[in-house]
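Here is what each chain is made of, one letter per residue.
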Amino acid sequence: MNTPYDINALREDFPILSRQVYDRPLVYLDNAATTQKPRCVVDAISREYYSVNANVHRGIHYLSQEATRLHEEARETMRSFLNAASTAEIVFTRGTTESINLLATSYGETFLKEGDEVIVSESEHHSNIVPWQLLRDRKGIVLKVIPITDAGELDFDAFEKLFSDRTRLVSLAHVSNVLGTVNPIRRIADMVHAHGAHLMVDAAQSVPHRPVDVAALDCDFLAFSGHKVYGPTGIGVLYGREALLEKMVPYQGGGEMISRVSFAHTTYERLPYKFEAGTPDYVGTHALAVALDYVNGIGMQNIQKHEQMLTAYALEKLSAVPGITIYGHAAEREGVVAFNIEGIHHMDMGTLLDRLGIAIRTGHHCAQPLMQHFGVEGMMRASFALYNTTEEIDALAAGLNRLRQMF
Ligand code: 7TS
């Protein structure tokens, strides 16, 4: 296998990859759901709990100051990772879902009136659909939907026609969690800005797989989850342009986000703290920074090259499985391959593959409108990470062939 790094050495960093399930070596191909964690990330978590732990931003004592330093250094790591202009633009959240809910609530409350329009696409994850529907119920906004082509790409002619003088925000995935399609965000940002609207990017499936630079993309907001990029669960980021975040009302109220409180009047903290009510997951932020340093150590370009090779290999191998339908064939895609096999329910196949030690995702992938587009209830999905190998894809293809003959 021609990889830009020593994959066997690197797999050693992930202890879980050498465990067995059902007495078979684990083949973990469910990375779009969550990635496994390198030892350095798990160690950072235990090290902080064992030797640093104290609440941040409030203690005069040594431990609190050290925990605060790790937490704020982590914010700088996120800023640099995304190439944001300032740490004021990096809001810590629980993950992509919370980031989008924060945006829908705060942006919606601040900028949107009844009849204003938000545009999403047919291939969004539910977390980039439902928060906007909740906002529609609260404020009477209009939600418009960009259709996709059968290749799984945005239909740009239809997209252009959706804009009106009431369009305020477009919210789109950078990479589809089902089809792997990469949306041309820079081109979209130019379109959106030409119409005087703002662009939110759901980068849950791009940040783990390709360099993401908010300045180069020229997006106004961007969200990602730590657990999909080798970091811990329960921590994520909302990036927002400072000038917009500055105007937006807070999402939640409580400690940390205030400047002065009295019963008559409360003033809010400066950015980004205005959006971070309550004790933050300061261990999670530090561990996520360690994960991003780990990724940077390998090199995002190297990871992307390796995963592109795996994706091409998987598309070739899986295409040869009789009766297979692979969904989407976008010109630019990341390491996600969704498929069905004629006559076999995706859940049955997933259950049997699991018995062979092969972990894939089955079901609607939190994208039911996309399932409706393809006229299916669900799909199987294999998704790759920096530690996957062509041998694991061979195991998947062999498993599919073997099980298909059984049915
Ligand atoms: N947006 C996209 C594009 C996603 O793929 C996911 C999670 C989310 C948002 C939500 O992220 P969370 O960390 O807040 O849950 N996607 C998947 C998946 O494809 N399988 O499991 C979770």
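Since this is a predicted model, take the numbers as computed values, not measurements.

Asker: Let's hear about the overall build of the protein: which residues, and what values?
Answerer: Along the backbone of the protein there are 14 helices and 17 strands. Relative to the compact-globule value of 22 Å for 407 residues, the protein shows a C-alpha radius of gyration of 22 Å, a close match. Taken over 407 residues, the protein has a buried fraction of 56%. If you sum the accessible surface of the protein, you get close to 16800 Å²; carbon and sulfur atoms cover 50% of it.

Asker: Mind laying out the layout of surface pockets, listing which residues take part and the relevant values?
Answerer: In this model, the largest pocket occupies a volume close to 320 Å³. Along its surface, the largest pocket is lined by 22 residues, and Thr-96, Thr-97, His-125, Ser-127 and Lys-228 are the ones closest to its centre. When residues of the lining of the largest pocket are assigned to their parent elements, the largest contribution, 3 residues, is made by helix α4 (residues 96–111). For the lining of the largest pocket, the two domains that each supply at least three residues are domain 1 (7–30 + 299–406) and domain 2 (42–297). Computed from the structure, the second largest pocket encloses a volume of approximately 220 Å³. In terms of lining residues, the second largest pocket is bounded by 16 residues, among which Phe-92, Thr-93, Arg-94, Glu-98 and Ala-277 are the most central. Among the elements of the structure, β4 (90–93) and α4 are those that each provide at least two residues to the lining of the second largest pocket.

Asker: So what about the site of the ligand? Which residues, and what values?
Answerer: Taken together, 15 residues lie around the ligand, and Thr-97, Asp-202, Ser-225, Arg-361 and Arg-381 are the ones closest in. In the model, a nitrogen atom of the ligand is placed 2.5 Å from a nitrogen or oxygen of the Asp-202 side chain. For the ligand, the protein covers 87% of the area, taking 490 Å² as the surface of the free molecule. Considering only residue class, the shell around the ligand consists of 3 nonpolar, 8 polar and 4 charged.

Asker: Which residues make up the domain arrangement of the protein, and what are the values?
Answerer: What the domain assignment lists for the protein is domain 1 (7–30 + 299–406) and domain 2 (42–297). The distance between the C-alpha centroids of domain 1 and domain 2 comes to 28 Å. Facing 35 residues of domain 1, the contacting portion of domain 2 comprises 30 residues. Both faces combined, the contact of domain 1 with domain 2 buries some 2800 Å², and carbon together with sulfur accounts for 58% of it. The largest share of the area that domain 1 buries against domain 2 comes from Met-300, Glu-334 and Leu-370, three residues that together contribute 23% of it. In this structure, the connection of domain 1 to domain 2 is made through 2 salt bridges. Close ionic contact of Glu-334 with Arg-210 constitutes a salt bridge, the shortest N to O distance being 2.6 Å.

Asker: Can you break down the sheet that holds strand β14 (residues 336–341) residue by residue, with the values?
Answerer: Here 4 strands make up an open sheet; going across it, the order is β13-β14-β17-β16 and the pairing antiparallel. The two strands at the open ends of the sheet, each matched to only one other strand, are β13 (324–326) and β16 (361–363). Taking each pair of neighbouring strands and ignoring which way they run, the sheet shows an average axis angle of 30°. Where β13 lies against β14, 3 bridges are found, and the strand directions are antiparallel. In the sheet register, Ile-326 faces β14, and the bridge partner there is Phe-339. Packed onto the sheet, helix α11 (residues 300–319) meets β13 and β14 and runs at close to 150° relative to β13.

Asker: Could you give an account of unusual backbone geometry, naming the residues involved and the relevant values?
Answerer: Along the chain, Leu-271 connects to Pro-272 via a cis peptide bond; the corresponding omega equals 0°. Mapped onto the secondary structure, Pro-272 falls in the loop between β12 (266–268) and α10 (282–298). Of note, the phi angle at Tyr-22 is positive, near 50°, even though the residue is not glycine. Following the sequence through the fold, Tyr-22 ends up in the loop between β1 (20–21) and β2 (24–25). We classify Tyr-22 as partly exposed; its relative accessible area is 40%. Even without being glycine, Cys-366 reaches a positive phi, approximately 55°.

Scoring rules and cut-offs
- Residues numbered from 1 in each chain as written.
- Predicted model: local features only at pLDDT ≥ 70, side-chain atom pairs only at ≥ 80, totals over all residues.
- Heavy atoms only, no water.
- Helix = DSSP H or I, 4+ residues; strand = E, 2+ residues; numbered from the N terminus.
- Rg over C-alpha atoms; globule rule 2.2 N^0.38 Å.
- Buried < 20%, exposed > 50% of the residue type's maximum accessible area, 1.4 Å probe, protein only.
- Areas by Shrake-Rupley, 256 points an atom, 1.4 Å probe, with all protein chains shown as cover.
- 1 Å grid on protein atoms, 1.4 Å probe; cavity = no way out; pocket = protein on both sides within 12 Å on 5 of 7 lines; lining within 4 Å.
- Points joined across faces, edges and corners; volume = space filled by probe spheres on them.
- Domains from an automatic or database assignment.
- Near = heavy atom within 4 Å.
- Polar contact = N/O pair within 3.5 Å; in protein donor to acceptor, adjacent residues only side chain to side chain.
- Nonpolar A, V, L, I, M, F, W, Y, C, P; charged D, E, K, R; others polar.
- Contact = heavy atoms within 4.5 Å.
- Buried area = accessible area lost by both parts, 1.4 Å probe.
- Salt bridge = Lys/Arg side-chain N within 4 Å of Asp/Glu carboxyl O.
- Pairing = 2+ DSSP bridges.
- Axes fitted to C-alpha atoms, helices over the stretch in contact; angles between N-to-C directions.

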